Amino acid sequence: MSSGRALKRLWPHARRWLPWLLAAAVLYLVAQQAREVEWARVWASLRELPLGVVSVSMALALCAHTLFSCYDLIGRRLVRARITRGRTLAVAAIAYAFNLNFGALIGGVGMRLRLYTRAGLSAGTVGQIVTHSFIANWLGWCWVLGTVLLVAPPPLRAPWAPDSGALRALGAVLLLVAVGYHALCAFSERKALRWRGHTLPLASGRVALVQAAMGATVWALMALSLWNLLQGRVPYPTVLGALLLAGVAGALTHVPSGLGVLESVVAAALAGVVPLNEALAAVLAYRAAHYLMPLALALPAYAWSEWRPAARSGGAPRPPLDVPP
């Protein structure tokens with residue numbers, strides 16, 4: 001009993017510091033790997049990428065970004081938020097760009113809270129929309145990565161990487177999580193989930209399928225973009241698995257934009273198949289298309305959204321609506 005009580009006392013502190021310790025360990029490994037990279041060769045490989053290949057990846061990045069923004073339309077419908085579809089898409093597109101580059105706390109939550117409350121929504125409603133967007137993204141991730149790991153796990157050639165057996169076991173767990181969510185939505189008699197005073201409208205079985213399809217498509221498009229930048233020299237499932245693993249690694253370590261994490265995972269997955277300088281050049285081009293380009297579009301859009309309501313109302317923001325779930 002005493003040990004159980006001690007664990008309960010220590011857990012809040014461990015939960016606060018463990019992600020930062022993990023981030024520090026990852027950054028240390030990344031720094032060690034970066035010292036071994038011949039960056040002059042990486043930049044040379046980056047300059048040699050054909051313009052047509054880069055253009056295709058930029059188009060795929062815009063498609064993925066637009067579809068990701070549509071996640072919020074599902075949340076808008078489920079919580080019955082009084083906001084237009086167009087404004088919902090605009091808020092989500094801006095928030096997603098900030099999320100990718102500055103982390104979920106600033107982009108995924110903070111930016112949505114700022115823009116949605118300025119549109120008249122209450123903080124509780126914004127939280128529900130954000131949660132459903134989160135579910136759509138990671139539900140698709142569970143389906144795609146679970147399938148890839150179970151059928152064709154990417155060969156990660158690094159001392160820290162798990163073997164194929166561990167990856168297949170992880171894939172099975174992810175698929176069970178996804179099936180569990182669909183079963184909850186399809187067969188539960190509850191209309192909403194409640195936890196510590198918070199309420200979340202539960203998606204129907206059909207809406208859950210839409211969430212999964214959208215989330216899976218976004219991840220597939222992003223992997224297709226990276227595969228295109230590698231010019232098809234690596235099997236698509238390998239690129240898809242590496243990108244999905246890098247996504248969760250970046251989320252767990254809280255490293256903004258997964259800087260260094262994406263590069264390390266992709267390099268481990270492609271070791272021996274593609275020269276390191278060419279793999280890193282492809283990842284840098286991928287970052288420019290999927291991270292920097294959306295941010296370049298989102299910054300003036302955010303500035304306009306901040307200026308326009310104030311200009312119309314003389315600087316007086318509208319009070320948030322109390323929208324019931």
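Look above for the structure.
Just so it is clear, the model here is predicted, and its values are computed rather than measured. (Residues numbered from 1 in each chain as written. Predicted model: local features only at pLDDT ≥ 70, side-chain atom pairs only at ≥ 80, totals over all residues. Heavy atoms only, no water.)

A few words now on the packing of aromatic side chains. Taken as a whole and assessed by the stated rule, the structure comprises nine aromatic pairs. When the ring of Trp138 is compared with that of Trp141, the centres are 5.1 Å apart and the planes differ by 75°; the resulting orientation is edge-to-face. Of this pair, Trp138 and Trp141 are both found in helix α7 (residues 123-151), three residues apart, which corresponds to roughly one turn of the helix. The exposure class of Trp138 is buried, given its relative accessible area of 19%. Geometrically, the ring pair formed by Trp304 and Trp307 is tilted, given 5.0 Å between the ring centres and 40° between the ring planes. Linking Trp304 with Trp307, this pair stays in helix α12 (residues 276-313), spanning three residues, or about one helical turn. For Trp307, a relative accessible area of 52% corresponds to the exposed category. Chaining the aromatic ring pairs together yields one cluster made of Phe134, Trp138, Trp141 and Trp219. Over the ring of Tyr291 we find Arg287; its NZ or CZ atom is 4.9 Å from the centre of that ring. (Phe/Tyr/Trp six-rings, centres within 6.5 Å; stacked < 30°, edge-to-face > 60°. Helix = DSSP H or I, 4+ residues; strand = E, 2+ residues; numbered from the N terminus. Buried < 20%, exposed > 50% of the residue type's maximum accessible area, 1.4 Å probe, protein only. Lys NZ or Arg CZ within 6 Å of the ring centre and 35° of its normal.)

This next bit is on the nonpolar core. One broad trend across soluble globular proteins is that nonpolar side chains are buried collectively. Residues Trp141, Met222, Leu226 and Tyr286 are the most contacted members of the largest nonpolar core, which totals 63 residues. Sort the elements by how many residues they give to this core and helix α9 (residues 205-229) lands first, with 12 residues. Ignoring anything within four residues of it in the chain, the contact list for Tyr286 reads Met222, Ser225, Leu226, Leu229, Leu243, Leu262 and Tyr291. In terms of nonpolar packing, the next biggest core, distinct from the first, is built from 18 residues, Leu121, Val130, Leu295 and Ala298 among them. (Core = buried A, V, L, I, M, F, W, Y, C linked by side-chain atoms within 4.5 Å. Contact = heavy atoms within 4.5 Å.)

Okay, unusual backbone geometry next. For Arg80, which is not glycine, the phi torsion reads 60° and is therefore positive. Positionally, Arg80 belongs in the loop between α4 (71-79) and α5 (85-102). A relative accessible area of 64% places Arg80 in the exposed class. For Gln231, which is not glycine, the phi torsion reads 60° and is therefore positive. Residue position: Gln231 is located in the loop between α9 and α10 (236-253). Using a relative accessible area of 41% as the deciding quantity, one classes Gln231 as partly exposed.

This part covers a nonpolar patch on the surface. There is a patch of nonpolar side chains on the surface, built from Phe102, Leu105, Ile106 and Val109 and spanning about 390 Å² of accessible area. Residue contributions to the nonpolar patch peak at three residues, all from helix α6 (residues 104-118). By secondary structure assignment, the location of Val109 is in helix α6. By relative accessible area, Val109 is classed as partly exposed at 40%. (Patch = residues over 30% accessible without salt bridge, like charges linked within 9 Å, V, L, I, M, F, W, Y side chains within 5 Å. Areas by Shrake-Rupley, 256 points an atom, 1.4 Å probe, with all protein chains shown as cover. Salt bridge = Lys/Arg side-chain N within 4 Å of Asp/Glu carboxyl O.)

So, on to the packing of α4 against α9. α9 packs onto α4 with a crossing angle of 165° between their chain directions and a minimal axis gap of 10 Å. Viewed along their axes, α4 and α9 adopt a mutual orientation that is roughly antiparallel. Seen from above, α4 lies across α9 with left-handed handedness. Contact residues: α4 offers Tyr71, Ile74 and Leu78, while α9 offers Val207, Val210, Gln211, Met214, Gly215 and Val218. Among the residues making up the contact of α4 with α9, the classes are represented as seven nonpolar, two polar and no charged. (Axes fitted to C-alpha atoms, helices over the stretch in contact; angles between N-to-C directions. Parallel < 35°, antiparallel > 145°, perpendicular 65-115°, else oblique. Left-handed = near helix turned anticlockwise from the far one by under 90°. Nonpolar A, V, L, I, M, F, W, Y, C, P; charged D, E, K, R; others polar.)

So, on to the pattern of salt bridges. Counted according to the given criterion, the structure contains two salt bridges. The closest approach of N and O atoms between Arg112 and Asp72, which form a salt bridge, is 2.9 Å. On the criterion of sequence distance, the pair formed by Arg112 in helix α6 and Asp72 in helix α4 is long-range, its members being 40 residues apart. Where Arg233 meets Glu278, a salt bridge forms, and the shortest distance between an N and an O atom there is 2.3 Å. In this pair, Arg233 is assigned in the loop between α9 and α10 and Glu278 in helix α12, connecting sequence segments 45 residues apart. Its relative accessible area of 40% is what places Arg233 among the partly exposed residues. For Glu278, a relative accessible area of 25% puts it in the partly exposed group.

Quick look at the pairing of strand β2 (residues 198-201) now. As paired elements, strand β1 (residues 192-195) and β2 share four bridges and run antiparallel to each other. Residue Ala192 lies in a different strand from β2, and its bridge partner there is Pro201. Hairpin connection between β1 and β2: a loop of two residues separates the two successive antiparallel strands, and Arg196 in this loop has a positive phi of roughly 50°. (Pairing = 2+ DSSP bridges.)

As far as function goes, none of this settles anything; it's purely spatial.
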